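Fold and geometry: a report
Residue strings, one per chain:
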Amino acid sequence: EAGVTQFPSHSVIEKGQTVTLRCDPISGHDNLYWYRRVMGKEIKFLLHFVKESKQDESGMPNNRFLAERTGGTYSTLKVQPAELEDSGVYFCASSQADYGYTFGSGTRLTVV
Amino acid sequence: GNSVTQMEGPVTLSEEAFLTINCTYTATGYPSLFWYVQYPGEGLQLLLKATKADDKGSNKGFEATYRKETTSFHLEKGSVQVSDSAVYFCALSDPASGTYKYIFGTGTRLKVLA
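Residues numbered from 1 in each chain as written. Chains lettered and ligands numbered in written order. Predicted model: local features only at pLDDT ≥ 70, side-chain atom pairs only at ≥ 80, totals over all residues. Heavy atoms only, no water.

What follows covers the overall build of chain B. Counting its secondary structure elements, chain B contains zero helices and twelve strands. Listing the helices and strands of chain B from first to last along the sequence gives β-β-β-β-β-β-β-β-β-β-β-β. Taken over C-alpha atoms, the radius of gyration comes to 14 Å for chain B, in line with the 13 Å a tight globule of 114 residues would show. Once the C-alpha set of chain B is aligned to its principal axes, its extents read approximately 45 × 30 × 20 Å. Counting across all 114 residues of chain B, residues that qualify as buried make up 45%. Taking all contacts inside chain B whose residues are at least 6 apart in sequence as the whole, residues at least 24 apart take part in 56%. About 5400 Å² of surface is accessible on chain B, with carbon and sulfur atoms providing 48% of the total. In chain B, 10 side chains carry a positive charge and 11 a negative one; their mean positions are 5 Å apart. (Helix = DSSP H or I, 4+ residues; strand = E, 2+ residues; numbered from the N terminus. Rg over C-alpha atoms; globule rule 2.2 N^0.38 Å. Buried < 20%, exposed > 50% of the residue type's maximum accessible area, 1.4 Å probe, protein only. Contact = heavy atoms within 4.5 Å. Areas by Shrake-Rupley, 256 points an atom, 1.4 Å probe, with all protein chains shown as cover. Lys, Arg positive; Asp, Glu negative; His and termini not counted. Charge placed at Lys NZ, Arg CZ, Asp CG, Glu CD.)

Right, dumping it as C-alpha cells:
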C-alpha cells in the first residue's frame, strides 16, 4: 500500500510569492488533515477534510491560506502571498476512520 | 483548552542508557494519548498509543502508561540504540471535542551516541 505522498519535499520562495503544496492520501482514506510545525515549535492542526468537504478549518491561520480537495482525492494547500512567518514544515495525514493517521514526510517551506 | 507539554531537548544519551521523555497533558474530556516519532528525513510515525486511564502502550521496546491522576504519558525505554535517534512527539486527541484532530507537544530530539 502506498503511503501518504507530499510534494514538493522542499520549497524556497520569496516573500510575496505564491506556493502550492500537494498531498496525495492513501487511496480510500476519506479523512485528510493538514498540520504544520513552525520553527521547532509544536505541530499545529490546520484543517480536516472528509472527502471533499472541509470538516474543520479552525486552525487555518488567515485568509492567505487556501486548501482544496479535488473529488475527495488529493489535496492542495496554497499560500498566497507568502510571508516570512509561514516558513515551517507542512504535514499531511490521512485516515480511514477515527484514529490511526498515516502521515506524509512533509514539505519544508522556506520563505525568504 | 486542551494542551500537551513535553520536556525540551535535545536529550543526548549513550547507547544502552535508560530513556525517559516526560509528557503531561491538559484536557477537558477523556483523551486518547499518543507518541509519534520522526526519524531523519521521514514522516511522523505512530510509535504507541493508549486510549484510557492505566492503559500501557508499547512498541519497539518503548512504553508509556496513561496516568490520569498525574495527567502524564511519559515515554520510556530501557536500553536505547543509535537507531532510536529521532524527534519524539507526544499528542492527544479528544473525541469529546467532536473532532479527531491531534494536539501535539513541541517535540523532543533524542540523540544516541555509540
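All names here are of chain A. Tallying each qualifying case throughout the model produces nine salt bridges over all chains. The closest approach of N and O atoms between K15 and E83, which form a salt bridge, is 4.0 Å. Within this pair, whereas K15 is found in the loop between β2 (10–13) and β3 (19–24), its partner E83 is found in the loop between β8 (75–79) and β9 (88–95), the two being separated by 68 residues in sequence. Given the relative accessible area of 22%, E83 is considered partly exposed. The salt bridge involving R64 is made with D86; its shortest N-O contact spans 2.6 Å. Of this pair, R64 sits in the loop between β6 (53–56) and β7 (65–69) while D86 sits in the loop between β8 and β9, placing them 22 residues apart in sequence. Each member of the pair, R64 together with D86, is buried. (Salt bridge = Lys/Arg side-chain N within 4 Å of Asp/Glu carboxyl O.)

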